Amino acid sequence: MNIRLAIALVSSFSTSAQAQVPAAAQQASVSELSEWTGEWRLPPFDHVTPEALAQQIPAAVEDYRRELAAIAANPAPPNFANTVAPLDKAGRPLRRLMALLRTYLSSHSDENWRAVGSGLVAMNEAVQAEALSDPALFARISAVYLALPADTSNAEDARLTELTYTAMVRAGAGLGAAERARLAEIDGRLASLQLQLSQNLNREAAGQFVFLNDAARLDGLPQAQIVAAAELAKSNGHEGAFAIPNQRPQVFAVQTFVRDRETRREVWQQWMNRGGTQGAFDNRPIAAEILSLRKAKARLLGYARFADFVLASRMVGTPERALDIIETNWNAVMAADARRMSELAALAREDGISTIEPWDRIHYLNRFTREHFGIDAQEIAGYFSLPRVRDAFFAAAGDTYGYSFEHLPGVPTVSPDIEVYLARRNGAPAGIIYLDIRPRPQKPQGSWAAQYRQAGDLAPGELPIIVLHSSPPQTAAGEEILLPFEYANVLFHEFGHVLHMLASKANYNGTASLTVPWDFVEVPSLLNERWLLTDRTLDRLPHYQTGRTMPENLRERLRSARQYERVFSVNPEYMAMALVDQKLHQAESPILDVNAFEAAVLAERGFPASADPIMQASAAYHTWSREYAANVYTYLWSDILAADLAEVFLRAPGGLHDREAGERYFDTVLSRANRVPIEQAYREYHGRPPDETALIRRFGLGKEGGNH
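Residues numbered from 1 in each chain as written. Predicted model: local features only at pLDDT ≥ 70, side-chain atom pairs only at ≥ 80, totals over all residues. Heavy atoms only, no water.

## A word on the overall build of the protein
Thought 1: For the protein, the count of helices and strands is 29 helices and 7 strands.
Thought 2: Over its C-alpha atoms the protein spans a radius of gyration of 25 Å, differing by no more than 12% from the 27 Å that the globule rule assigns to 708 residues.
Thought 3: Taken along its principal axes, the extent of the C-alpha atoms in the protein is 80 × 60 × 55 Å.
Thought 4: By the burial criterion, 60% of the 708 residues in the protein qualify as buried.
Thought 5: Counting only contacts in the protein whose residues sit at least 6 apart along the sequence, the fraction spanning at least 24 positions is 76%.
Thought 6: Total accessible area on the protein stands at roughly 26200 Å², and carbon and sulfur atoms take up 52% of it.
Thought 7: Within the protein, one finds 70 positive and 84 negative side-chain charges whose respective centroids are separated by 2 Å. (Helix = DSSP H or I, 4+ residues; strand = E, 2+ residues; numbered from the N terminus. Rg over C-alpha atoms; globule rule 2.2 N^0.38 Å. Buried < 20%, exposed > 50% of the residue type's maximum accessible area, 1.4 Å probe, protein only. Contact = heavy atoms within 4.5 Å. Areas by Shrake-Rupley, 256 points an atom, 1.4 Å probe, with all protein chains shown as cover. Lys, Arg positive; Asp, Glu negative; His and termini not counted. Charge placed at Lys NZ, Arg CZ, Asp CG, Glu CD.)

## A closer look at the packing of aromatic side chains
Thought 1: Under the counting rule described, the total for this entry stands at 37 aromatic pairs.
Thought 2: The ring centre of Phe252 lies 3.7 Å from the NZ or CZ of Arg248, which sits over that ring.
Thought 3: The positively charged end of Arg274 is found above the aromatic ring belonging to Trp271, 3.6 Å away from the centroid. (Phe/Tyr/Trp six-rings, centres within 6.5 Å; stacked < 30°, edge-to-face > 60°. Lys NZ or Arg CZ within 6 Å of the ring centre and 35° of its normal.)

## Quick notes on the nonpolar core
Thought 1: In this structure, Phe384 and Tyr403 are the most contacted members of the largest nonpolar core, which totals 150 residues.
Thought 2: Here this core takes 14 residues from helix α15 (residues 319-350), the largest share from any one element.
Thought 3: With near-sequence residues (within four places) excluded, Tyr403 lies in contact with Ala397, Gly398, Arg424, Arg425, Ala430, Leu499, Leu502, Ala503 and Phe666.
Thought 4: Residues Val48, Leu68, Ile418 and Val467 belong to the second largest nonpolar core, which totals 52 residues. (Core = buried A, V, L, I, M, F, W, Y, C linked by side-chain atoms within 4.5 Å.)

## Considerations on the packing of helix α11 (residues 248-257) against helix α16 (residues 358-373)
Thought 1: Two numbers describe how α11 lies on α16: the axes approach to 6 Å, and their chain directions differ by 60 degrees. Residues Phe252, Gln255, Thr256 and Phe257 of α11 form the contact with α16, whose participating residues are Trp359, Ile362, His363 and Asn366.
Thought 2: A breakdown of the residues in the contact of α11 with α16 according to their chemical character gives 4 nonpolar, 4 polar and no charged. (Axes fitted to C-alpha atoms, helices over the stretch in contact; angles between N-to-C directions. Nonpolar A, V, L, I, M, F, W, Y, C, P; charged D, E, K, R; others polar.)

## Description of the environment of Gln378
Thought 1: Mapped onto the elements of the fold, Gln378 is located in helix α17 (residues 377-381).
Thought 2: Using a relative accessible area of 40% as the deciding quantity, one classes Gln378 as partly exposed.
Thought 3: In this structure the C-alpha to C-alpha distance between Gln378 and Tyr574, which are 196 residues apart in sequence, comes to 25 Å.

## Let's talk about the packing of helix α26 (residues 634-651) against helix α27 (residues 659-670)
Thought 1: Running from amino to carboxyl end, α26 crosses α27 at an angle of 145 degrees, the nearest separation of the two axes being 8 Å. Here α26 runs over α27; the crossing is right-handed. Together, Leu645, Val648 and Phe649 of α26 and Ala661, Gly662, Arg664 and Tyr665 of α27 make up the contact between the two elements.
Thought 2: In the contact of α26 with α27, the residues fall into 5 nonpolar, 1 polar and 1 charged. (Left-handed = near helix turned anticlockwise from the far one by under 90°.)

## Section: the pattern of salt bridges
Thought 1: Counting across every chain of the model gives 55 salt bridges.
Thought 2: Of the charged contacts in the structure, one is a salt bridge between Asp399 and Arg536, with a shortest N-O distance of 3.6 Å. Taken together, the residues span a long stretch of sequence, with Asp399 in helix α18 (residues 386-401) and Arg536 in helix α21 (residues 535-539) at a distance of 137 residues.
Thought 3: Its relative accessible area of 40% is what places Arg536 among the partly exposed residues. (Salt bridge = Lys/Arg side-chain N within 4 Å of Asp/Glu carboxyl O.)

## Description of α16
Thought 1: The end-to-end C-alpha separation of α16 is 22 Å, in line with the 22 Å expected for 16 residues at 1.5 Å each.
Thought 2: Most of α16 is tucked away: 13 of the 16 residues are buried.
Thought 3: Once α16 ends, the next one or two residues include Gly374, with phi positive near 70 degrees. (Expected span 1.5 Å × (residues − 1).)

## Observations concerning the sheet that holds strand β4 (residues 419-425)
Thought 1: Reading across the sheet, the 5 strands line up as β3-β4-β5-β7-β6 and stay open at both edges, with mixed pairing between neighbours. The two strands at the open ends of the sheet, each matched to only one other strand, are β3 (403-407) and β6 (447-453). With strand direction ignored, the average angle separating the axes of adjacent strands in the sheet is 25 degrees.
Thought 2: When β3 meets β4, the two strands line up antiparallel, connected through 5 bridges. Within the sheet, the bridge partner assigned to Glu406 lies in β4 and is Leu422.
Thought 3: In the packing of helix α5 (residues 92-107) onto the sheet, the strands contacted are β5 (428-436), β6 and β7 (465-470), and the crossing angle to β6 comes to about 160 degrees. (Pairing = 2+ DSSP bridges.)

## So, unusual backbone geometry
Thought 1: Geometrically, the link from Leu148 to Pro149 is a cis peptide bond, its omega value of 10 degrees lying close to zero.
Thought 2: The backbone of Arg41 shows a phi angle near 55 degrees, a positive value even though the residue is not glycine.
Thought 3: Among the structural elements, Arg41 can be located in the loop between α2 (23-28) and α3 (50-72).
Thought 4: A residue is classified by how much of its surface remains accessible, and Arg41, at 31% relative accessible area, is partly exposed.
Thought 5: One non-glycine residue, Ala673, adopts positive backbone phi at about 50 degrees.
Thought 6: Topologically, Ala673 is positioned in the loop between α27 and α28 (678-686).

## Notes on the side chain of Asp519
Thought 1: Locating Asp519 in the fold gives a position in the loop between α19 (485-503) and α20 (523-528).
Thought 2: Within the buried core, Asp519 has no salt-bridge partner, and the shortest N-O distance to an opposite charge, that of Arg314, equals 5.2 Å.
Thought 3: In this structure the side chain of Asp519 is engaged in a polar contact, spanning 2.9 Å, whose partner is the backbone nitrogen of Met315.
Thought 4: Here the side chain of Asp519 touches Val316 through a polar contact of 3.2 Å, landing on its backbone nitrogen.
Thought 5: If near-sequence neighbours (up to four positions away) are discounted, Asp519 is found in contact with Arg314, Met315, Val316, Asn631, Tyr633, Thr634, Trp637 and Ser638. (Polar contact = N/O pair within 3.5 Å; in protein donor to acceptor, adjacent residues only side chain to side chain.)

## As for the environment of Leu468
Thought 1: Checked against the element boundaries, Leu468 lands in strand β7.
Thought 2: Looking at Leu468, the relative accessible area reads 0%, which means it is buried.
Thought 3: Note: C-alpha distance between Leu468 and His497 (29 residues apart in sequence) is 8.7 Å.
Thought 4: Setting aside anything within four residues of it in sequence, one finds Leu468 in contact with Tyr434, Leu435, Asp436, Ile437, Trp448, Ala449, Leu491, Glu494, Phe495 and Val498.

Structural measurements only, silent on function.
Now the structure itself:
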C-alpha cells in the first residue's frame, strides 16, 4: 500500500501562531492578511490568527459579491474582456485569505482554528457556488460562449470561456430560482459534512492508543521506534509501558516489523475501525447524509446518479467505463495476488499460522521481500535520509526540466521546521516552494501538495507559491530521519504535483493545472515516482553512515522487489476501495451504513479474506471529499497513463533523465495545464490516445509468474 492516499485535513497543536505574535502586531494585521508584501510577496504567517481571519474572510466574501454584481450589471454588451476575464480574476483577496485558513486547518490546527474554520469554509463554498450559479452572470457568459470563436484574442481565452460556461452549467446556473436555492443549500451542507467527517477521523485518532506493558510484544520493531513508543506512553500517563498511536506511520511500522501476531491484530483493527463505531466520531450517519445529498444534487442537475454527474467531466466519461477499467484489471490483479498469497502462506506456516489475515499481510510481504529478494527495510532506509531525498527530487527536476532551488532563510511559516525555496527554471525565477516534510505532533498524518498562489492568479511581480506537506515517521530527538522506501517514494510522488503546479503557464485561474480533469491530476505525480529508482538518483543517495552509494546488486534486488509488490493501484486493497466508491455513487437505494454496504459489495465480488480495503468506507476520506467522490478509480487510470508516458522517456537516450524528452513533456503536457484539452495534449506528446494495457505490460499481470 502507498501513503499517497493518506491525506488528512486537521489536527491539533500546542503552540499557536497567535501565541508567538505580539498583540500589537496581531491588531495591525487585521486589514493586511490578504496583502502579501516583501520581495517575493509571501504569506504573512507571522501575523495570522483565528480571530483575524474570522473578521477578514466575511468582509472579503462581501467584496467578492460586489465584484460579481458589478460584472453582472455591466450595461455594455458582454464580451470576453468585460465578462469572462474579470469573473476569473474576481475574489483574489478571498483566495489569499482562504489559503491561510486552509494551511492551518490542514497542517497546524487547534480547537480555536476548528471553532472558526468550519463556518468560514462553508461561507467560502457558498459564495463560490453563488458565483457559478448566478443567472445574470450566466446570461453574459452564455452570450460570449455562443458567439465563439468571435471576441477571443487567443485559444486560451476561448478555452477559458468554454470551461467557465461548462462549469456554470454543472453548477446549476441554468436552473430556476427555487432549484438554485436548493442546490446552494445542498452544497453548503456537503461542505460542512465533509469537514466534520475529516475532523472526526483526526480527533478520534488523537485519543487512540494501543498500550502494551510487555516490550516483547514489540519484538522486531526498530529500536528508535520502541524508544519513541515508551516516551509516548510516559507522556500519556503510562510510564513503563509502550504506546502505539492510531496514526499511519506507527500502525504500518507495527504491521511491517512486529513479530507478535496479537499486537499486529490489535493495532490493525483499531486502525480499520476508524469512523465506524458508535459515538461522537461515528462517520456512518455523516456518510449516509452525504450520499443522499449527492444524489439529490445530481438529479437537480439532470443526472440519474451522482457518478453520472461526476464522470461526465472526466477523461473516462461514464461510470460504466470507470467500472470497466476496474473490472478489466480486477481479475488480473486478484489472480496475481492469489499467487503471491500462496508464497506468503508458506512463510506464515513456519510461524504456525494456517490462514493469512489482513494483519498478517504486510508483515509477511515484508518478510518475503527481505528473504526472497534480500531486502531489509531498515537497511534500505539508511540510503534515504530525509535531506538527501529532498535534494534528490530537486536534482531530478533539474536534470529533466532545468529547475534549480535556492533556500530562502527567514521566511515566516506556521512552524520553524518548514523550509522555503525559490525555484528557478533555466535561471529565471519560476515559483516559491514551501517544504513541510518533517514530523511534528501538531501535524496530521499523510502527504499532500497544495497551492497558496497559483499561476493564473498572479499580480505583477508575483510568482506561484506551492507547499508540500508530509509526515514521515518520528525519530528520537537529535537523530536524522531515515525514510522507509514508501515514504521516499511518496515524497517523489507529491513533488510531481508540485512540478505540475510550478510548470503551469496558464494565464487564468480557470485554465490552471488543477482544473484538468480530475482523473488526470495524479498522472504527473505518478510519473515522477519513476525517478526515485534510477541509477542517477540512487547515486545521489549515499548511506547516511558509510557515505557509500547503494551497491548495484542491491539496486537490482530493490527494483525486483518493487516490481513484485507493484504500485498500489494494482493491489487488492486499492481495487476494493475504488470499486466500493463507484458502487456507493451508483446505488439507487439509500445506504444507511456504508461499512455494511462495503462488506456486501466485496463479499459479492469475491474479495480475498486476506486483505482489507486501504481504508474502511467510514474512514475513506477520498470517497467523501469533493475532488475524489465517484472518482477513486482515478489512481488506476492515472497509473495506466503514467506507465504509458514513461515509455516515451525510457526510449530516449537519457532515459527518465533525458532533457530533450523532458522539455517536450514540459512544453506539450506539463506547462499547458488546462489551456488545451488534456486529451489533445496527450495525443500531441504520445502521437496516439492512451494505451490502456500499459500498466498490465509494466507489471506483467495476467501471466503465470508475472509477480517476479
